[in-house]
Amino acid sequence: MIFFSLQAAIILAGGLQDWIDFGIICGLLVLNAAIGFIQEYHAGNVVDDLKKSLTIRAQVVLNGALKEIYSAEVVVVDVLHVQDGTIFPADGRLESQNAYLQVDQSGITGESLAVDKHSGDVCYASSAVKCGAGLMIVTATGDHTYVGTAAALVNKASGSPAHFTQMLNGMAHILLIFLVLALLVIWIASYYRSSGILHILEFTLATTVTRVPVGLPVVVTTTMAVGAAYLANLKAIVQKLSAIESLANVEILCSDKTGTLTRNRKTGGIDAIDKEFLRGLGNYPSAKSSGSYMQNHRVYSI
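What you see is a predicted model; the values in this text were computed from it and never measured.

(A) Fine view of the overall build of the protein. Assigned secondary structure in the protein consists of 11 helices and 9 strands. Taking all 302 residues of the protein together, the buried fraction comes to 27%. Excluding contacts between residues fewer than 6 apart, the proportion of contacts in the protein whose partners are at least 24 apart in sequence is 64%. On the protein, roughly 20,300 Å² of surface is accessible, and the fraction owed to carbon and sulfur atoms is 61%.

Encoded structure:
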């Protein structure tokens, strides 16, 4: 809404040949657009490079021989050879007789243990083979896979404007109402004073420029760009500047555990256990009967 008001002010300033106001408003709009474009373009290039480095390859059976291709080249009814370490590039069905695979689906289902797959079972894109080998016929690719469908639903749900954008739009509506009321007063007063049309338009331009926060879009975009640069130093990629404000308003973050907050790998060590607890644990059998242990030692929970 603020941009529409500024565009109206540009047209009015151009019509009145007020080139100073015309140039200032145009410069602010161009600066705002340039900052947002440069930041999102740079982030897009970083993400594209990251995607290229993480491109999944697949082994497809062609004319009885194995050929390695990019996952984007996989099509339905292709026969893929999968083995230990293979990441499924598409949904498919195991076709090998007596096929047996152990597949890690933690990224999809959150199951920490590998799932057994036999001949005729469905394997999902983005899951990985932990053990075994076999042939799989592709049944779905891209957005038609199980993961692709879920991603499409997420993108569809995230199409609404960010909270900060909604707040700015609400403020812009209020300012627009005051602007219209002020212009009505000016026009009515000018009519009764028999002012010329040029004089009325000059007052209209002055009122529009003073009532509309011309520098607000630039200030907001610049502030978010500074935040994006700070996050970049922390190795976080910001694709959309509005995401910074949205993340700042998060109070509770709901996430699954396996594959997201943890790596689905078992780790351990003596440093992870309270050493004083271990020392006291040796006295526990004798102290349990006398009850002196609870009185003379602190109890730690781990």
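After presenting the structure, the write-up continues.
(B) Representation of a nonpolar patch on the surface in the model. Taken together, the side chains of Ile 174, Ile 177, Phe 178, Val 180, Leu 181, Leu 184, Trp 187, Ile 188, Tyr 191 and Tyr 192 present a nonpolar region at the surface, about 1,100 Å² in accessible area. Position of Ile 174 relative to the elements: it lies in helix 5 (residues 163–192).

(C) Looking closely at the packing of helix 5 against helix 6 (residues 197–211). Orientation of helix 5 relative to helix 6, taken along the N-to-C sense of each, is 160°, at an axis distance of 10 Å. As the angle between them shows, helix 5 and helix 6 are arranged roughly antiparallel. Read as a crossing pair, helix 5 and helix 6 show a hand that is right-handed. Of the residues in helix 6, those in contact with Leu 175, Leu 179, Ala 182, Leu 183, Ile 186, Trp 187 and Ser 190 of helix 5 are Ile 200, Phe 203, Thr 204, Thr 207, Thr 208 and Arg 211. Along the lines of polarity and charge, the residues of the contact of helix 5 with helix 6 split into 8 nonpolar, 4 polar and 1 charged.

(D) Just the nonpolar core, in detail. Within the largest apolar cluster, 16 residues are counted, with the highest numbers of intra-cluster contacts made by Val 74, Leu 80, Phe 88, Leu 94, Leu 101, Met 136 and Val 138. Taken together, the elements giving at least two residues each to this core come down to strand 1 (57–62), strand 3 (79–82), strand 5 (100–104) and strand 9 (134–140).

(E) Examining the pairing of strand 3 more closely. Strand direction decides the pairing type here: strand 1 and strand 3, joined by 2 bridges, are antiparallel. Residue pairing for strand 3: Gln 59 is matched across the bridge by His 81. Sheet topology places strand 3 next to strand 9; 4 bridges connect them, and they run antiparallel. Of the residues in strand 9, the one forming a bridge with Val 82 is Gly 134.

(F) Expanded view of the environment of Asp 21. The topology assignment puts Asp 21 in helix 2 (residues 19–53). Separated by 188 residues in the primary sequence, Asp 21 and Val 209 have C-alpha atoms spaced 8.4 Å apart. With near-sequence residues (within four places) excluded, Asp 21 lies in contact with Ala 13 and Leu 205.

(G) Representation of the sheet that holds strand 6 (residues 115–118) in the model. Sheet architecture is open: 3 strands sit in the order 6-5-8, paired in antiparallel fashion. Two strands in the sheet have a free side with no partner beyond their single neighbour: strand 6 and strand 8 (128–131). Across this sheet, the average inter-strand angle for adjacent strands is 45°, counted without regard to direction.

(H) Just the pattern of salt bridges, in detail. Tallying each qualifying case throughout the model produces 2 salt bridges. Put simply, Glu 68 and Arg 57 hold a salt bridge, and the shortest N to O gap is 3.8 Å. Of the two residues, Glu 68 sits in strand 2 (residues 65–70) while Arg 57 sits in strand 1, which places them 11 residues apart along the sequence.

(I) Layout of the packing of aromatic side chains. As enumerated under the stated definition, the model contains 1 aromatic pair in all. For the ring pair Tyr 124 and Tyr 146, a centre distance of 5.2 Å and an interplane angle of 45° mean the geometry is tilted. A residue pair is termed long-range when its members are at least 10 positions apart, and Tyr 124 in the loop between strand 7 (122–123) and strand 8 and Tyr 146 in helix 4 (residues 146–157) qualify at 22 residues. On the accessibility criterion, Tyr 124 (26% relative accessible area) is partly exposed.

(J) How the structure looks around the sheet that holds strand 4 (residues 91–94). Across the sheet, 6 strands lie side by side as 2-1-3-9-4-7; this open sheet has antiparallel pairing. Looking at strand neighbours, the two that pair on one side only are strand 2 and strand 7, the edges of this open sheet. As defined by bridge partners, strand 4 adjoins strand 9 across 4 bridges and the pair is classed as antiparallel. Bridge pairing links Asp 91 to Ala 140 in strand 9.

(K) Structural detail: the environment of Asn 98. Relative to the helices and strands, Asn 98 resides in the loop between strand 4 and strand 5. A relative accessible area of 77% means that Asn 98 is categorised as exposed. Separated by 21 residues in the primary sequence, Asn 98 and Ser 119 have C-alpha atoms spaced 6.2 Å apart.

(L) Layout of the side chain of Ser 127. Residue placement: Ser 127 occurs in the loop between strand 7 and strand 8. In terms of polar contacts, Ser 127 uses its side chain to reach the backbone carbonyl oxygen of Tyr 124, at 2.4 Å. With residues up to four places along the chain from it excluded, the contact list for Ser 127 reads Thr 86, Ile 87, Phe 88, Val 103, Asp 104 and Gln 105.

How each quantity is defined
Residues numbered from 1 in each chain as written. Predicted model: local features only at pLDDT ≥ 70, side-chain atom pairs only at ≥ 80, totals over all residues. Heavy atoms only, no water. Helix = DSSP H or I, 4+ residues; strand = E, 2+ residues; numbered from the N terminus. Buried < 20%, exposed > 50% of the residue type's maximum accessible area, 1.4 Å probe, protein only. Contact = heavy atoms within 4.5 Å. Areas by Shrake-Rupley, 256 points an atom, 1.4 Å probe, with all protein chains shown as cover. Patch = residues over 30% accessible without salt bridge, like charges linked within 9 Å, V, L, I, M, F, W, Y side chains within 5 Å. Salt bridge = Lys/Arg side-chain N within 4 Å of Asp/Glu carboxyl O. Axes fitted to C-alpha atoms, helices over the stretch in contact; angles between N-to-C directions. Parallel < 35°, antiparallel > 145°, perpendicular 65-115°, else oblique. Left-handed = near helix turned anticlockwise from the far one by under 90°. Nonpolar A, V, L, I, M, F, W, Y, C, P; charged D, E, K, R; others polar. Core = buried A, V, L, I, M, F, W, Y, C linked by side-chain atoms within 4.5 Å. Pairing = 2+ DSSP bridges. Phe/Tyr/Trp six-rings, centres within 6.5 Å; stacked < 30°, edge-to-face > 60°. Polar contact = N/O pair within 3.5 Å; in protein donor to acceptor, adjacent residues only side chain to side chain.

Function-wise, these values are silent; they only describe arrangement.
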